[in-house]
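Residues per chain are reported as follows:
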Amino acid sequence: MSTSDRSTESPPQRPRAVRAVPKPRHGDATNLYVGSLHPSVTDADLAQRFSPFGTILSAKVMLNIHTGESRGMGFVKFDNKDSAIAALQALHRATVNGQRILVRFADARADYH
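Along every chain, residues carry numbers that run from 1 in the direction the sequence is written. Residue-level local features of this predicted model are given only where pLDDT is at least 70; pairs of side-chain atoms are given and counted only at 80 or more, and the full residue set underlies all totals for whole chains, interfaces and linings. Calculated side-chain values reflect all of the structure's heavy atoms, with hydrogen atoms and water omitted.

## Regarding the environment of Ala86
Every helix listed is a DSSP run of H or I at least four residues long, and every strand listed is a run of E at least two residues long, numbered separately from the N terminus. Along the chain, Ala86 turns up in helix α2 (residues 81-91). Spatially, the C-alpha atoms of Ala86 and Pro52 are 9.6 Å apart, while their sequence positions differ by 34 residues.

## Here we look at the nonpolar core
Leu32, Val34, Leu46, Phe50 and Val103 are the most contacted members of the largest nonpolar core, which has 20 residues in total. Every element with two or more residues in this core is listed here: β1 (31-35), α1 (43-50), β2 (56-63), β3 (70-78), α2 and β6 (102-105). It is α2 that contributes the most residues to this core, four residues altogether. Apart from the residues within four sequence positions on either side, Leu46 is in contact with Val34, Leu37, Val41, Ala59, Lys60, Val61, Gly74, Phe75 and Val76. The criterion is simple. A nonpolar core is a set of buried Ala, Val, Leu, Ile, Met, Phe, Trp, Tyr and Cys residues joined through side-chain atoms within 4.5 Å. Partly exposed describes any residue whose relative accessible area lies between the buried limit of under 20% and the exposed limit of over 50%, with all areas from a 1.4 Å probe on protein chains only and scaled to the type maximum. Should any heavy atoms of two residues lie within 4.5 Å, those residues are counted as being in contact.

## Looking at the confidence of the model for the chain
Every residue is assigned a pLDDT by the predictor, reflecting its confidence on a scale from 0 to 100. Summarising the model, the chain shows a mean pLDDT of 85, and 73% of its residues fall at 70 or more. Within the chain, β2 carries the highest mean pLDDT (98), whereas strand β4 (residues 95-96) carries the lowest (94).

## Concerning the pattern of salt bridges
We count a salt bridge whenever a side-chain nitrogen from Lys or Arg sits within 4 Å of a carboxyl oxygen from Asp or Glu. Tallying each qualifying case throughout the model produces two salt bridges. Residue Asp28 pairs with Lys77 through a salt bridge whose shortest N-O separation is 2.2 Å. Of this pair, Asp28 sits in the segment before β1 while Lys77 sits in strand β3, and the two are 49 residues apart along the sequence. The exposure class of Lys77 is partly exposed, given its relative accessible area of 23%. Linking Asp43 and Lys60 is a salt bridge whose minimum nitrogen-to-oxygen distance equals 3.4 Å. Residue Asp43 is located in helix α1, and its partner Lys60 is located in strand β2; the two are separated by 17 residues in the primary sequence.

## Digging into the packing of aromatic side chains
Pairing of aromatic rings covers Phe, Tyr and Trp, the last counted by its six-membered ring, and requires centre-to-centre distances within 6.5 Å; plane angles under 30 degrees mean stacked, over 60 mean edge-to-face, and any other angle means tilted. With the rule as written, the count across this model stands at two aromatic pairs. With a centroid separation of 5.8 Å and an interplanar angle of 65°, the aromatic rings of Tyr33 and Phe75 are classed as edge-to-face. With Tyr33 in strand β1 and Phe75 in strand β3, this residue pair connects regions lying 42 residues apart in the sequence. With centroids separated by 6.5 Å and ring planes inclined at 55°, the aromatic side chains of Phe50 and Phe78 adopt a geometry described as tilted. Here Phe78 lies in strand β3 and Phe50 lies in helix α1, a separation of 28 residues in the sequence.

## A few points about unusual backbone geometry
Backbone geometry places Arg93, a non-glycine residue, at a positive phi of 70°. When you line up the elements, Arg93 lands in the loop between α2 and β4.

## As for the environment of Ala87
Looking at the element boundaries, Ala87 is found in helix α2. Taking the C-alpha atoms as reference, Ala87 lies 9.4 Å from Arg49; in sequence the two are 38 residues apart.

## Some points on α2
For α2, the complete set of buried residues consists of Ser83, Ala84, Ala87, Leu88 and Leu91. Taken end-on, α2 shows its buried residues confined to a sector of 135°, consistent with a single buried face. Of the residues flanking the start of α2, the one acting as N-cap is Asn80, its side-chain oxygen 3.1 Å from the backbone nitrogen of Asp82. Directly after α2, the chain includes Arg93, whose backbone phi takes a positive value near 70°. The arc in question is the one traced by the directions running from the helix axis out to the C-beta atoms. Between N or O atoms, a polar contact is any pair within 3.5 Å; within protein, one atom must be a potential hydrogen donor and the other a potential acceptor, and residues adjacent in sequence are included only when both atoms are from side chains.

Okay, structure coming up:
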């Protein structure tokens, strides 16, 4: 086969898959768990970061009861499911204060350590 017989066109590109939003297993689709938070993140920082997606009913960073230091996780509660889904899609694996966060629906039955 000579080089003149080869096609110069590249193969067609596959469309990027849209990541499906996981359904909440137990609990409420308006409450998000936020993990891997930098120790400097406060309740106000969490609320500010998630507020572009809708009305926040609460934003709370979990603290160690003995030391008062961040446990590296928190919860954000929205007033509706659509806002929570938009925030989850946009902020899961986003970088906040130099650290990549994890966002998922909060599980009412989970034991968050």
